[in-house]
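# Structure at a glance
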Amino acid sequence: MLEAAGNRKVSDVHLRIGELTFISEEQLRFAIRLLSVGTAAEGCDVRIDPVSPEFECVSCGHISTADFSSPAFACGKCGADVRVLRGKEFSVDKVVLYD
Amino acid sequence: MLFHLAADVGVDLFSRNRELALENRALLDAHSVRGVEFMGGIGSGKTALIEALSKDRRCAAICGDVSGDDDAKRLRKAGVEAVSVNTGKECHLDAHLVGHALESLDLEGVGVLFVENVGNLVCPADFELGCHKRAVVVSVTEGDDMIRKHPVLFGLSDVAVVNKVDLAGVMGVDVSVLEKDYASLKSSALIRTSARTGEGLQALSGALGL
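Residues numbered from 1 in each chain as written. Chains lettered and ligands numbered in written order. Predicted model: local features only at pLDDT ≥ 70, side-chain atom pairs only at ≥ 80, totals over all residues. Heavy atoms only, no water.

With that settled, consider the overall build of chain B. Counting its secondary structure elements, chain B contains nine helices and nine strands. Its C-alpha atoms give chain B principal-axis dimensions of roughly 70 × 45 × 30 Å. Contacts in chain B between residues far apart in sequence, at least 24 positions, make up 72% of those at least 6 positions apart. Surface exposure of chain B reaches about 9300 Å², of which carbon and sulfur atoms provide 52%. Between the averaged position of the 22 positive side-chain charges in chain B and that of its 30 negative side-chain charges there is a distance of 4 Å. (Helix = DSSP H or I, 4+ residues; strand = E, 2+ residues; numbered from the N terminus. Contact = heavy atoms within 4.5 Å. Areas by Shrake-Rupley, 256 points an atom, 1.4 Å probe, with all protein chains shown as cover. Lys, Arg positive; Asp, Glu negative; His and termini not counted. Charge placed at Lys NZ, Arg CZ, Asp CG, Glu CD.)

Here's what the structure looks like:
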């Protein structure tokens, strides 16, 4: 990505992080700040879009949500197991460069 | 200053691990090997459970540890074809490390591959390895609060075990507290085991599809 940027500096980076991952937003921002020194991304704005967990019941198909601090991995309707639909994302969605 | 939108890059940073996990799964399926991953706390008895579950079966194992090959040595003594993976500064296995470890195992005729993750109740959850079942182990010697302290790892695992239940009285731990915490997360039951006495091993074997 930095190669593609050529001589242009990175203005901001948009990340998407699911709340069921063990990625710490604060630690990630700190690491990017340190690692980007002397690169086109130095001083860029890191924008993080958190993704709330969403589950689908494997038995009745009921869709439910939960947060990281009090997750429930059983269906709120019928009590069966659920599968994770959203909440495990970790992606770079967009990089914006100065023109 | 004008902005130039470089790209909607859409780079999924976990995707390579997922692809490699699928390759590992395909390799296991091609050899009709059942893959079972054990995650869990340090010293919770993961290796002892693998030893116990390996009896009367032809098994292989990949043992992840920060350093040393103590677990692999133990399992080899129990007749398991075991390789050690030292993760060094990493606190978990990933599909890439497991894929390389699989290269050094002869899977022909093996019924079950156990993958023992590094003792850790946090980040192993982020890295699928390609096994058919993921189990998480805690033991009574860690106290009765391990499940509510680590709800996501327990929630994302297929099977959960509380081991060393024969020591519950000595440790002053009420196993029903762990069961209650687990019941608030999942529909399946927490499996009580003692690798030493053999309690619960049949139930665990069934839950893992062995």
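What follows continues from the structure just given.
For the rest of this paragraph, the subject is the interface of chain A and chain B. Residue-level contacts link 27 residues of chain A with 29 residues of chain B. Broken down residue by residue, the surface that chain A buries against chain B is led by Phe22, Phe73 and Lys88 of chain A, which jointly contribute 27%. Along the contact surface separating chain A from chain B lie zero salt bridges. Where chain A touches chain B, the interface holds seven residue pairs in polar contact (both at pLDDT 80 or more). A per-element tally of the side of chain A that touches chain B places strand E6 (residues 90–98) of chain A first, with nine residues. Looking at the side of chain A that touches chain B, its residues break down into 17 nonpolar, four polar and six charged. Bridging between E6 of chain A and strand E2 (residues 11–12) of chain B involves two bridges; their strand directions are antiparallel. Across the sheet, residue Ser91 of chain A finds its bridge partner in E2 of chain B, namely Asp12 of chain B. (Buried area = accessible area lost by both parts, 1.4 Å probe. Salt bridge = Lys/Arg side-chain N within 4 Å of Asp/Glu carboxyl O. Polar contact = N/O pair within 3.5 Å; in protein donor to acceptor, adjacent residues only side chain to side chain. Nonpolar A, V, L, I, M, F, W, Y, C, P; charged D, E, K, R; others polar. Pairing = 2+ DSSP bridges.)

The next subject is the packing of helix H1 (residues 15–30) of chain B against helix H4 (residues 95–103) of chain B. Residues and elements named next belong to chain B. At a minimum axis distance of 8 Å, the contact between H1 and H4 shows a crossing angle of 30°. It follows from the interaxial angle that H1 and H4 lie roughly parallel. The hand of the H1/H4 crossing is left-handed. Here Asn17, Leu20, Ala21, Asn24, Leu27 and Leu28 of H1 come into contact with H4, specifically with Ala95, His96, Val98, Gly99 and Leu102. Its residues placed into classes, the contact of H1 with H4 shows seven nonpolar, four polar and no charged. (Axes fitted to C-alpha atoms, helices over the stretch in contact; angles between N-to-C directions. Parallel < 35°, antiparallel > 145°, perpendicular 65-115°, else oblique. Left-handed = near helix turned anticlockwise from the far one by under 90°.)

It is worth spelling out the packing of helix H2 (residues 46–53) of chain B against helix H3 (residues 70–77) of chain B at this point. Residues and elements named next belong to chain B. Taken N-terminus to C-terminus, the directions of H2 and H3 make an angle of 20°; their axes are 10 Å apart at the nearest point. By the angle class used here, H2 and H3 are roughly parallel. Crossing geometry of H2 relative to H3 is assigned as right-handed. Listed contacts from H3 to Thr47, Ala48, Ile50 and Glu51 of H2 are Asp71, Arg74 and Leu75. Looking at side-chain class alone, the contact of H2 with H3 contains three nonpolar, one polar and three charged residues.

To continue, consider the side chain of Asn163 of chain B. Mapped onto the elements, Asn163 of chain B comes out in strand E8 (residues 159–163). Polar side-chain contacts of Asn163 of chain B include one of 3.1 Å to the backbone oxygen of Ser44 of chain B.

Now for the sheet that holds strand E6 (residues 112–116) of chain B. Residues and elements named next belong to chain B. Spatially, seven strands are ordered E5-E4-E6-E3-E7-E8-E9 in an open sheet, and the strand pairing comes out parallel. On the outer flanks of this sheet lie strand E5 (81–86) and strand E9 (191–192), each paired with one strand and no other. Where strand E4 (residues 59–65) meets E6, five bridges bridge the pair, whose relative direction is parallel. Considered in E6, the bridge of Ala61 is made with Phe114. Packing of H2 onto the sheet brings it into contact with strand E3 (34–40), E6, strand E7 (133–139) and E8, and relative to E3 it is tilted by some 155°.

Residues and elements named next belong to chain B. By secondary structure assignment, the location of Val173 is in the loop between helix H7 (168–171) and helix H8 (175–183). For Val173, a relative accessible area of 13% translates into the label buried. In sequence terms Val173 and Asp145 are 28 residues apart; their C-alpha atoms lie 9.8 Å from each other. For Val173, the contacting residues outside a window of four places in its chain are Val140, Gly143, Asp144, Ala168 and Leu178. (Buried < 20%, exposed > 50% of the residue type's maximum accessible area, 1.4 Å probe, protein only.)

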